[in-house]
Amino acid sequence: MAPPQPTVLIVEDEPAQREVLAYNLEAEGYRVTRAENGEEALILVDEDTPDLIVLDWMLPSVSGIEICRQLKTRSETRGLPIIMLSARSEEVDRVRGLETGADDYVIKPYSVVELMARVRLQLRRTRPSTVGERLEFDDIVLDSESHKVFRGDALVKLGPTEFRLLSTFMEKPGRVWSREQLLDRVWGRDIYVDTRTVDVHIGRLRKALCAHGGEDPVRTVRGAGYALG
Ligand code: CA
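Description of the structure in this document. These numbers were taken from a predicted model, which means no experiment stands behind them.

### Things to note about the overall build of the protein chain
Link 1 in the chain: From N to C terminus, the protein chain includes eight helices and 11 strands.
Link 2 in the chain: Over its C-alpha atoms the protein chain spans a radius of gyration of 19 Å, differing by no more than 12% from the 17 Å that the globule rule assigns to 229 residues.
Link 3 in the chain: Based on the C-alpha atoms only, the size of the protein chain along its principal axes is roughly 60 × 35 × 30 Å.
Link 4 in the chain: Taken over 229 residues, the protein chain has a buried fraction of 46%.
Link 5 in the chain: Within the protein chain, counting contacts between residues at least 6 apart in sequence, those at least 24 apart form 56% of the total.
Link 6 in the chain: Element-wise, carbon and sulfur atoms account for 51% of the exposed surface of the protein chain, whose accessible area totals about 11,600 Å².

### Some points on the pattern of salt bridges
Link 1 in the chain: Applying the stated criterion across every chain yields a total of 20 salt bridges.
Link 2 in the chain: Across the pair Arg127 and Glu171 runs a salt bridge, and its minimum N-O distance is 2.9 Å. Placement of the pair is Arg127 in the loop between helix H5 (112-126) and strand S6 (134-137) and Glu171 in helix H6 (residues 160-171), with a sequence separation of 44 residues. One exposure class covers both Arg127 and Glu171, and it is buried.
Link 3 in the chain: We note a salt bridge from Arg134 to Glu136, for which the minimum N-O separation is 3.5 Å.

### Here's the deal with the coordination of the calcium ion
Link 1 in the chain: Coordination of the calcium ion by the protein is provided by Glu12 (OE), Asp13 (OD), Glu14 (OE), Asp56 (OD) and Met58 (O), with metal-donor distances spanning 2.0 to 2.9 Å.
Link 2 in the chain: Counting along the primary sequence, the residues that act as donors to the calcium ion give the motif E-D-E-x41-D-x1-M.
Link 3 in the chain: On the basis of relative accessibility, which here comes to 46%, the residue Met58 falls in the partly exposed class.

### Some points on unusual backbone geometry
Link 1 in the chain: A cis amide bond, omega -5°, links Lys108 with the succeeding residue Pro109.
Link 2 in the chain: Mapped onto the elements of the fold, Pro109 is located in the loop between strand S5 (104-107) and H5.
Link 3 in the chain: Although it is not a glycine, Ser61 sits at a positive phi angle of roughly 50°.
Link 4 in the chain: Backbone geometry at His147 places phi at a positive 60°, although glycine is not the residue there.

### Observations regarding the sheet that holds strand S7 (residues 140-143)
In any sheet, the strands associate via hydrogen bonds between backbone groups, in a parallel or an antiparallel arrangement.
Link 1 in the chain: If you walk across this open sheet you meet the four strands as S6-S7-S8-S9, and the pairing is antiparallel. The two strands at the open ends of the sheet, each matched to only one other strand, are S6 and strand S9 (154-156). When strand polarity is set aside, the average angle formed by the axes of neighbouring strands in this sheet is 25°.
Link 2 in the chain: The pairing of S6 with S7 spans four bridges and is antiparallel. Following the sheet pairing, Arg134 is matched in S7 by Asp143.
Link 3 in the chain: Against the sheet, H6 engages S6, S7 and strand S8 (148-151), with an angle of about 110° to S7.

### Thoughts on the side chain of Arg206
Link 1 in the chain: Topologically, Arg206 is positioned in helix H8 (residues 195-209).
Link 2 in the chain: A distance of 2.9 Å separates the side chain of Arg206 from the backbone oxygen of Val218, its partner in a polar contact.
Link 3 in the chain: Within the local environment of Arg206, its side chain forms a polar contact with the side chain of Thr220, the two groups lying 2.7 Å apart.
Link 4 in the chain: Excluding residues that lie within four positions of it along the chain, Arg206 makes contacts with Asp216, Val218, Arg219, Thr220 and Tyr226.

### Observations concerning the sheet that holds strand S2 (residues 31-35)
Link 1 in the chain: Strand order in the open sheet made by the five strands is S2-S1-S3-S4-S5, with parallel pairing throughout. Where the open sheet ends on each side, the last strands, each with one partner, are S2 and S5. The mean inter-strand angle of the sheet, taken between neighbouring strand axes irrespective of direction, is 20°.
Link 2 in the chain: Of the strand pairs in this sheet, strand S1 (residues 7-11) and S2 are connected by five bridges, and their pairing is parallel.

### Considering the environment of Leu165
Link 1 in the chain: Mapped onto the elements of the fold, Leu165 is located in helix H6.
Link 2 in the chain: Along the sequence, Leu165 and Val186 sit 21 residues apart, while their C-alpha atoms lie 6.1 Å from each other.
Link 3 in the chain: Beyond its immediate sequence surroundings of up to four residues, Leu165 is in contact with Leu182, Val186, His201, Ile202 and Leu205.

Rules behind the numbers
- Residues numbered from 1 in each chain as written.
- Predicted model: local features only at pLDDT ≥ 70, side-chain atom pairs only at ≥ 80, totals over all residues.
- Heavy atoms only, no water.
- Helix = DSSP H or I, 4+ residues; strand = E, 2+ residues; numbered from the N terminus.
- Rg over C-alpha atoms; globule rule 2.2 N^0.38 Å.
- Buried < 20%, exposed > 50% of the residue type's maximum accessible area, 1.4 Å probe, protein only.
- Contact = heavy atoms within 4.5 Å.
- Areas by Shrake-Rupley, 256 points an atom, 1.4 Å probe, with all protein chains shown as cover.
- Salt bridge = Lys/Arg side-chain N within 4 Å of Asp/Glu carboxyl O.
- Donors = N, O, S within 2.8 Å, 3.2 Å for Na, K, Ca; no water.
- Pairing = 2+ DSSP bridges.
- Axes fitted to C-alpha atoms, helices over the stretch in contact; angles between N-to-C directions.
- Polar contact = N/O pair within 3.5 Å; in protein donor to acceptor, adjacent residues only side chain to side chain.

Structure (structure tokens):
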């Protein structure tokens, strides 16, 4: 089972530009979804929340600016990084773009290398385990580049599913995840897995983390799910 890759939503009405962007993002290992206009983008965000949005400013009917403003005012999507694309290079537009809450702003024509670097930069902040960052929580260290986990000095042996569970927890310590949210994040939404499977793998993760002693860092939250710390 391949690890779920970060999903990037491209919102761009010009097919050629959309496809070039999709091609480059897929080549970098991202999962790509596409919207041709703002309305479609908002529906897609609800159905299949991406990890990042590349949003064109100039779109038919609802502009990218308006879409960005809407997403940044909703609590569920506020933290979703948005990179705005625009052919408009005037400084005042740039400021306006960032004022709507966009996390970054790239002027067309852009260099693919630069855009990819900016995508990575945003994901390093919001989904660090997907871009090879090293995560720490208490005495647990997870190196997503080498796929190794240490607790204190001891190497923790984890299966691929337990590794992804722990990555998810370590990206947001303290956050309570429901079993459904863990299924989406760890198994991917395209696969049908029973929620009890989550409990089985949580059990394995706990066992592995405590194999060399130490307290169980995974908290069961009755009626809600699980959290780290
Ligand atoms: Ca456009």
